[in-house]
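# Results of the structural survey
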Amino acid sequence: MENRPLEYDYTVAKMFMLTTIVLGIVGMLVGVILAFELAFPSLNTVLGSGVAEYTNFSRLRPLHTDAVIFGFTLSGVFATWYYVGQRVLKVSMAESKFLMAVGKIHFYLYIVGVAAVVVSLLMGITTSKEYAEFEWPIDIAIVIVWVLWGVSIFGLIGIRREKALYISVWYYIATFLGIAMLYLFNNMEVPTYFFADGAGQAGIGAWYHSVSMYAGTNDALVQWWYGHNAVAFGFTVPIVAMSYYFLPKESGQAIYSYKLSLLSFWSLMFVYLWAGGHHLLFSTVPDWMQTMGSVFSIVLILPSWGSAINMLLTMKGEWKQVAESPLIKFMILASTFYMFSTLEGPIQAIKSVNAIAHFTDWIVGHVHDGVLGWVAFMIMASLFHMAPRVFKKEIYSKSLMNTQFWIQTLGVILYFTSMWIAGITQGMMWRAHDAFGNLTYSFVDTVAALHPYFFIRGVGGALYLIGFLMFAYNIYKTWTVGRQVEERELTNATPMAA
Amino acid sequence: MFHWLEKRPFFFAVGVFVVIAFAGLVEILPNFAQQSQPTVGTKPYSTLELTGRHVYIKNSCNACHSQLIRPFKSETDRYGSYSKSGEYAYDRPFLWGSKRTGPDLMRVGNYRTTDWHENHMMDPIGTVPGSVMPSYPWMFTNLADVDTAYAEQLTIKSVFKVPYSMGDEKILIPMEDGTSETVEIATTLAGANAAALEEAKLIVADMKNQDVKDMVAAGKIPEIVALIAYLNSLK
Amino acid sequence: MNKIYLAAIVTTLAMLGFTYVAMDIKGGLNDDIVNQLAILGAVVLVIATVFVVTKYVRQMQTDKATGDLTEENWDGIGEYMNEMPFGWSVIFLLTIIWGLWYWTAGYPVAAYSQIGEWNEEVAAKNASIAQRAANLTPNEKLHLGKAVFNVQCAPCHGTNGKGQENYQTGDLRAENLNKRALSKKYVEKVIREGSNQLGYAGGMPPMMLQDDADIDAVATYIEGGMKGEQPAQYAVCGSCHGMNGEGMDFVAPSLTAYNVDLVKTLLTSGTKKGEIGTMPREAKILTPLQIELVAAFVANGPATELEE
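Sequence order as written defines residue numbering, which begins from 1 separately in each chain. All chains are assigned letters beginning at A, and all ligands numbers beginning at 1, according to the order in which they are written. Under the rules for a predicted model, residues below a pLDDT of 70 receive no local features and side-chain atom pairs below 80 are neither given nor counted, while totals for whole chains, interfaces and linings still include all residues. Derived side-chain values reflect all non-hydrogen atoms in the structure, with water molecules and hydrogen atoms excluded from consideration.

With that settled, the discussion passes to the packing of helix α8 (residues 189-204) of chain B against helix α9 (residues 210-217) of chain B. All names here are of chain B. Angular values range over 0 to 180 degrees, each being the angle between N-to-C directions of two axes fitted as lines to C-alpha atoms, with helices fitted over their stretch in contact. What counts as a helix is a DSSP run of H or I of at least four residues, what counts as a strand is a run of E of at least two, and both are numbered from the N terminus. Close contact between α8 and α9 brings their axes to 10 Å; oriented N to C, the two are set at 155°. On the basis of their axis angle, the class for α8 and α9 is roughly antiparallel. Helix-helix and strand crossings are classified by hand; for α8 and α9 the assignment is left-handed. Contact residues: α8 offers Leu197, Ala200, Lys201 and Val204, while α9 offers Val212, Lys213 and Val216. Side-chain classes follow a simple rule in which Ala, Val, Leu, Ile, Met, Phe, Trp, Tyr, Cys and Pro form the nonpolar group, Asp, Glu, Lys and Arg form the charged group, and the remainder, Gly included, forms the polar group. Looking at the contact of α8 with α9 residue by residue, the classes come out as five nonpolar, no polar and two charged. The labels follow the angle: roughly parallel below 35 degrees, roughly antiparallel above 145, roughly perpendicular from 65 to 115, and oblique for the rest. Take the far helix as your reference; a near helix turned counterclockwise from it by less than a right angle gives a left-handed crossing, and one turned clockwise gives a right-handed crossing. The contact criterion used is simple: two residues touch if any of their non-hydrogen atoms lie within 4.5 Å.

Contact residues are listed per partner, giving 87 residues for chain B and 99 residues for chain A. Across the chain B to chain A interface the summed buried area is about 7900 Å²; carbon plus sulfur atoms make up 69%. The salt bridge criterion pairs a side-chain nitrogen of Lys or Arg with a carboxyl oxygen of Asp or Glu, the two atoms within 4 Å. The interface formed by chain B and chain A holds one salt bridge in total. Note that aspartate 361 of chain A is salt-bridged to lysine 99 of chain B, the shortest N-O span being 3.3 Å. Think of a polar contact as two N or O atoms within 3.5 Å of one another; within protein, one of them needs to be a possible hydrogen donor and the other a possible acceptor, and neighboring residues in sequence only count if both atoms come from side chains. Counting the contacts that link chain B with chain A gives 24 residue pairs in polar contact (both at pLDDT 80 or more). Summed over both partners, the accessible area lost on bringing two parts together, with a 1.4 Å probe, is the buried area.

This next bit is on the side chain of glutamine 290 of chain A. For glutamine 290 of chain A, the location among the structural elements is in helix α10 (residues 287-314). To sort residues, take the accessible area from a 1.4 Å probe on protein chains only and compare it with the maximum for the residue type: under 20% means buried, over 50% means exposed, and anything in between is partly exposed. Residue glutamine 290 of chain A is classed as buried on the basis of its relative accessible area, which comes to 0%. Among the polar contacts made by the side chain of glutamine 290 of chain A, one reaches the main-chain carbonyl oxygen of serine 283 of chain A at a distance of 3.3 Å. Residues in contact with glutamine 290 of chain A, not counting those within four places in the same chain, are Leu280, Leu281, Phe282, Ser283, Val285 and Lys351 of chain A together with Gln114 of chain C.

Looking now at the domain arrangement of chain B. As used throughout, domain bounds are those supplied by an automatic or database domain assignment. The domain architecture assigned to chain B consists of domain 1 (2-33) and domain 2 (47-233). The gap between the C-alpha centroids of domain 1 of chain B and domain 2 of chain B is 41 Å.

Attention now moves to the state of the cysteines. By definition, a disulfide links two cysteine residues through a covalent bond between their sulfur atoms. Here, the term disulfide refers to a pair of cysteine sulfur atoms separated by no more than 2.5 Å. One pass over the structure, following the stated rule, counts zero disulfides over all chains. Free of any disulfide, cysteine 61 of chain B has its nearest neighbouring cysteine sulfur in cysteine 64 of chain B, separated by 8.7 Å.

So, on to the pattern of salt bridges. Scanning all chains against the criterion turns up 28 salt bridges over all chains. The residue glutamate 184 of chain B makes a salt bridge to lysine 170 of chain B at a minimum N-O spacing of 2.9 Å. One end of the pair, glutamate 184 of chain B, is in strand β4 (residues 184-185); the other, lysine 170 of chain B, is in the loop between β1 (165-166) and β2 (173-174), with 14 residues separating them in the sequence. Lysine 170 of chain B sits in the partly exposed class, given a relative accessible area of 47%. With a shortest N-O distance of 3.2 Å, arginine 192 of chain C and aspartate 212 of chain C are connected by a salt bridge. In this pair, arginine 192 of chain C is assigned in helix α7 (residues 184-193) and aspartate 212 of chain C in helix α8 (residues 212-223), connecting sequence segments 20 residues apart. Given a relative accessible area of 33%, arginine 192 of chain C falls into the partly exposed group. Judged by its relative accessible area of 52%, aspartate 212 of chain C falls in the exposed class.

Moving on to helix α11 (residues 288-299) of chain C. Residue and element names in this part refer to chain C. The end-to-end C-alpha separation of α11 is 16 Å, in line with the 16 Å expected for 12 residues at 1.5 Å each. Three or more residues of α11 are buried, namely Gln290, Ile291, Leu293, Val294, Ala295, Ala296, Phe297 and Val298. At the C-terminal side of α11, glycine 301 shows a positive phi close to 90°. An expected span of 1.5 Å times one less than the residue number is assigned to each helix.

What follows is the structure in structure tokens.
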């Protein structure tokens, strides 16, 4: 090994760090607005009935989920890839003009895609499929963005100096392949503008409109095979990639067990895809498929926990670091929420529990303890680790980071406790009946009962957003006024000003 | 073996792909092999109903309303008989939803009426005290896009062989009582708009909003009329 | 005991306790296995996560990282060649064995079908309801009818049965069921055109009265609640609706009240076109017993206070 460290080029990583922060703020802000619209419905028209169409819960809701998934999270995945990829493959982007150009086009086309998504969703142009709402022109743009990322991944791997691929790279490759396969199959659709030629009359109606290739139950099956695994390959796999790099790097500890990494990876890949059926329990999908979804969900607990346990054991004997560094706290708590969330999911996938949980806020709570507690914590920690290396500056404020940690932790806890209470309460009220089989509650009774929990959830979400703004401010200040640091300060623990 | 793979990115990627693609094959293909057959009595949507379905999708009604009645007594008591696979045979896309912030709508046509929807879409909380549903005043003024719905009907007829009758071609659809019906679509765009307007007139006869009535009388179809046509068709 | 274990216990109790206190268990467990399992699942989730994490946090405090490092090293990150944690491996193996067993033996042997389960659930509940329904007191009937009414009828007719106001016109949007108020205009229309909306067999033929003056007199009398002097022409109506307007079961509805017979007939076979459109065929959703109960409740006047 050579002694002089490579000069890595973080241009593209920097660009995606920016969109991670900006789209994070957008996604979470819209989320908080939605939460309060449910608690206080008059907020739907607070800007007047003229623009109510665009401030309404139902228009904003897909914007929230997509901004967080494809905006915030995906930007975070790209930002960390363009950082981690170079370092663990031991090759700089500066060495290849081609890869640099691909990276930049990747970024700019991504921005165009994001803009198109925002505009089209606000206009109500949607296919209605969750996390796949985009009509075919945007789908094509997304496929190109994805291919460019693939070129970047495999291009960088092609010129690598480190022969064996590090664990994080396994997970990035899996993210790329998984989403590519899922997205293509779920978005098979026929543009009506071109195919409405039954009587020789093409060119009717909206040019961007399309109709799904699949109908009814089949459509549902493909959608939730996709929906479930979009979570797998968007919210689990790439985030595990981050944790395998940033935790050992920041703490200076070696990964606890290669074998555990290996088995967790391959079993996660194999098992995850089978569990999609648990979104369709008690639907019109055949019984055996539903049961398969439930069974594999239970088996899935251990591969997920394997990675989290590997993280926790990597910190064996390092309590001092956990206590002192807010950055490591973020990552440890993220692993904890990952375990919580990956046990909660399979419990909700048990048919009898699902009978209550499905269609209620408990599911919403589950998604958010995963995304707020695990995904966003891990992404923020990654960016905190990257910022001083990318900007060659010291983190602006450690105490601000600490405050942010506790505010956001409180936010997550308020969020998921209020939502699981709301979910179980409503699920039980829907089922409640008297001794004569009469239903006890009309539907609206079960909605009215949720008001306090909707409010608490809104507060939890708002706290989390405040924490995220502190994060954005901290990174901004690091970039602008942070103390210049030397390369040797950047080996492991991130330098932070008090 | 794994260590060997980790040094060969191509084979590694192939390995990952095989492992993740496997489940999809087992899980999804069997149900596709057997084409989704409509149950007796299930008809494709008329032009105005399909237009209304697009309004439903445009406003993400499915974000809060499911269309899937699970086989529990508590659900069949509340919403009517449990869902059967064939009832969704003409649903592209499916609209089962994943969250019931509001009640299920799979059979809402059985127990709500045109006028109820009219009141409710304008003022949900006044209609159902305690509701958290927002109001949709713009649906009373925005015009529905019949053209796109017609384009979709032509597409699904030619690509997916949905049994629409057109011109001289009559395709009989069996009904529960042993009779059979046809669902006609027009042969021209102008004809489709005219047919949708006729359907719309039947809906507005039960409505109160004078502006909406005037618009339909003038040959224009506001979104609310199409949406109500769709909701009434859910049975 | 170590502080960290204490903290874990406190966290668990706090979370479960908070949930218990805050949760308004309105539905109640209801002896419902689904409810019980959902609660159990939530409890297991908290306890398992907190204690497993605590175990590892304890190791962060007291243990030390040991083991042989692999040859490679990426950007300064090494890997130990430690074995997998024993407990994790065993549980993983057990879930796989269980999964295989359940998938190949457990599930096929149970021959589960969700529709079969629904059939059993409905049959069992209906049997138990039929048994209890045999000995209802009139007051119990009213209370049960109210429960049905609140779920199925109140969205339009209001919880007190008085109907709700139209947002534009201020008109009542569904009939006030506390009082059968037939407007003169409506009665005239029915006499001229006939009616079969309530679903009585045969229905009412048009033009039972021919003369405008007669129709006017009868309509005025009925609108007035059948008070005062009865017009002679009413005899034509009275042959079916009764001379006092109370109707005849299975033949013709009461003109003065929403009585049991009227409500039952309407709910089972009526296609009532009211102020706000056609009334839904509730019979598709309600059982005969529920129709019986709700009819008794409506006949009693939905706004009337019930005895406890």
